[in-house]
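Spelled out from the first residue to the last, the chains are:
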Amino acid sequence: MRFCLPGGIRVSASLARSARQADGLDPVRALQWTLYRSAKSDPARRFHALHGHVARGDVLARAWADVRVNRGAPGVDGVSIVDVARAGVGEFLDALAVKVREQTYRPAPLRRVHIPKPGRPGQTRPLAIPTVADRVVMTAAKIVLEPIFEADFTPDSYGFRPRRSAHDACEAIRVAANKGREWVLDADIRDCFGSLDRRAVLAQVASRVSDRAMLKLLGSWLRVGVLEGGVTTDSGAGTRQGSPVSPLLANIALHTLDVAWREQGQRFGVLIRYADDIAVLCPTAQRANQARELMVTVLAPLGLHVHPDKTSIVHLHQGAQGFDFLGFHHHKVESWRWPGRYYLQRWPSERAMTAVRGKVRDATSVRQVGRSLTSVIADLNPVLRGWGGYFRRGNSARKFSTLDSYVQERLAIWDNAKRGQPGRSWGQRHDGDWYQRLGVHRLSGTITPGTTHA
């Protein structure tokens, strides 16, 4: 296995072996590190020998492990992860490797499902579910391609990247706001995943990848149709939400915005991007408007447009306004220690609170009175732990206390309904001691405090 650099310079796979020996990496991690290091050292390099790595047994095995951990529903063929495990994972991966290697692999149509939008009753988000086999091949391609493009991605991008998280993006917002950038362009891209120009996406990929087989593989995933109601359709644009490779392709396309910001937009403000969620923190209203104009100009060639109704400019000065970003509401609050000084804080947004209250309400519905209290709490605790695990980083103490009280109230209503007793019986049976004995996960006291100043 060899790679070719511009000018005919060839680098053997011994680089991967040396990386593995020096750093104690497994073969897949060594491959990724070698690709990353090669891309980082030569920003103009185009890789031409990548498709064969997708068919490697160890890469496919790593991809299968990732798909299995993420679980997910079956695709159009009805084959689930459990079905593959029962039939034999080794045989499944071997057959898949042959198809990829011989370039006879063809993706199946995607299965369309609609999932409710959190905190928005009656609204749904369309997802396209690939088959398990397609998810494994897509994840294998992501394993190979990701380190190449990670070498190019800027620090402004936080979404769906290794060792970067939504909390990192929120922390960048806090730091920028506390340094005086109090005008925020809260931008929303209309149907980002569904509107991306496929040719523009592949052109961005081709700037780093010259392997025709790999580009053909990516193109087949972009063109594959969606099966809904017995009819397969293709919108002609976009990369499907629900595909393991879609977030990477979206980041590759939106990297155009990150580069333009580094070259032209830094004078307007600080860009924080989490996939298609974008905030720009600016020192003045004029620069926030200029930032919006630049964003519109850069996104247009990608087939993307800023949503006119969902994009706004807010002023954070002395807590005048706030904005929602990545589930948190960001707002400046006056310091109790230094009156007159305001610092940015964040807590769960109203939409996030509505969503979790809906889940608690469903778990404690009177329709569940036929179950035992233990089983109801067993379903409720993972919801509270997961939600609290995300929002505990910030200034969520009051929201957590409010939700704890709500959970106690809902369980009191449920318990009385099970006993055929009307009302909540506050202070009689369902007091704090009763609630504590239930073993319900309490959110209060789990906050991870953050830094106040910039």
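Structure: above.
Note that the coordinates shown come from a computational prediction; the quantities given were computed from them, not determined experimentally. (Residues numbered from 1 in each chain as written. Predicted model: local features only at pLDDT ≥ 70, side-chain atom pairs only at ≥ 80, totals over all residues. Heavy atoms only, no water.)

I tried to follow the environment of Glu-409 on my own but got confused; where do I start?
Among the structural elements, Glu-409 can be located in helix α16 (residues 397-419). Glu-409 sits 347 residues away from Arg-62 along the chain, and the two C-alpha atoms are 45 Å apart. (Helix = DSSP H or I, 4+ residues; strand = E, 2+ residues; numbered from the N terminus.)

Can you help me understand the sheet that holds strand β5 (residues 183-188) in this one?
Working definition: the strands of a sheet are paired by backbone hydrogen bonds and lie parallel or antiparallel to each other. Here 4 strands make up an open sheet; going across it, the order is β8-β9-β5-β10 and the pairing antiparallel. Edge strands, defined here as strands with exactly one partner in the open sheet, are β8 (270-274) and β10 (312-315). With direction set aside, neighbouring strand axes in the sheet form an average angle of 20°. (Pairing = 2+ DSSP bridges. Axes fitted to C-alpha atoms, helices over the stretch in contact; angles between N-to-C directions.)

How should I be thinking about the nonpolar core in this particular structure?
In a soluble, globular protein the nonpolar side chains are often hidden away together inside. Val-136 and Met-295 are the most contacted members of the largest nonpolar core, which has 74 residues in total. In terms of residues, this core owes the most to one element, helix α7 (residues 132-150), which gives 12 residues. The contacts of Met-295, once residues within four sequence positions are left out, are Leu-185, Ala-187, Leu-257, Trp-261, Ile-278, Val-280 and Val-306. With 43 residues, the next largest nonpolar core counts Val-314, Leu-326, Leu-344 and Phe-391 among its residues. (Core = buried A, V, L, I, M, F, W, Y, C linked by side-chain atoms within 4.5 Å. Buried < 20%, exposed > 50% of the residue type's maximum accessible area, 1.4 Å probe, protein only. Contact = heavy atoms within 4.5 Å.)

So what exactly am I meant to see when it comes to the packing of α7 against helix α11 (residues 212-223) here?
Two packed helices can be described by the angle between their axes and the distance between those axes. Look at α7 against α11: their axes get within 12 Å of each other, and the N-to-C directions meet at 135°. In terms of their interaxial angle, α7 and α11 are classed as oblique. For the pair α7 and α11, the sense of crossing is left-handed. In this structure, α7 contributes Val-137, Met-138, Ala-141, Val-144 and Leu-145 to the contact, and α11 contributes Met-214, Leu-217, Leu-218 and Trp-221. Within the contact of α7 with α11, the residues separate by chemical class into 9 nonpolar, no polar and no charged. (Parallel < 35°, antiparallel > 145°, perpendicular 65-115°, else oblique. Left-handed = near helix turned anticlockwise from the far one by under 90°. Nonpolar A, V, L, I, M, F, W, Y, C, P; charged D, E, K, R; others polar.)

Even after reading the chapter, I still don't get the pairing of strand β3 (residues 110-116), so can you show me in this structure?
The two faces of the sheet receive side chains in turn, since in a regular strand these alternate between them. Two strands pair when backbone bridges link them, and β3 and strand β6 (residues 226-228) are joined in this way by 2 bridges, in the parallel orientation. Within β6, the residue paired with Arg-111 across the bridge is Leu-227. As judged from the 6 bridges shared by β3 and strand β4 (residues 124-129), these two strands associate in the antiparallel manner. Along β4, the bridge assignment pairs Pro-116 with Thr-124.

Explain the state of the cysteines here, please?
In a disulfide, the sulfur atoms of two cysteines are covalently bonded to one another. Under the defined criterion, the tally for this structure stands at 0 disulfides. Between Cys-170, a free cysteine, and Cys-282, which holds the nearest cysteine sulfur, the sulfur-to-sulfur gap is 17 Å. The thiol of Cys-192 is unpaired, and the distance to the nearest cysteine sulfur, on Cys-170, comes to 19 Å. (Disulfide = S-S within 2.5 Å.)

Read these as geometric descriptors, not functional statements.
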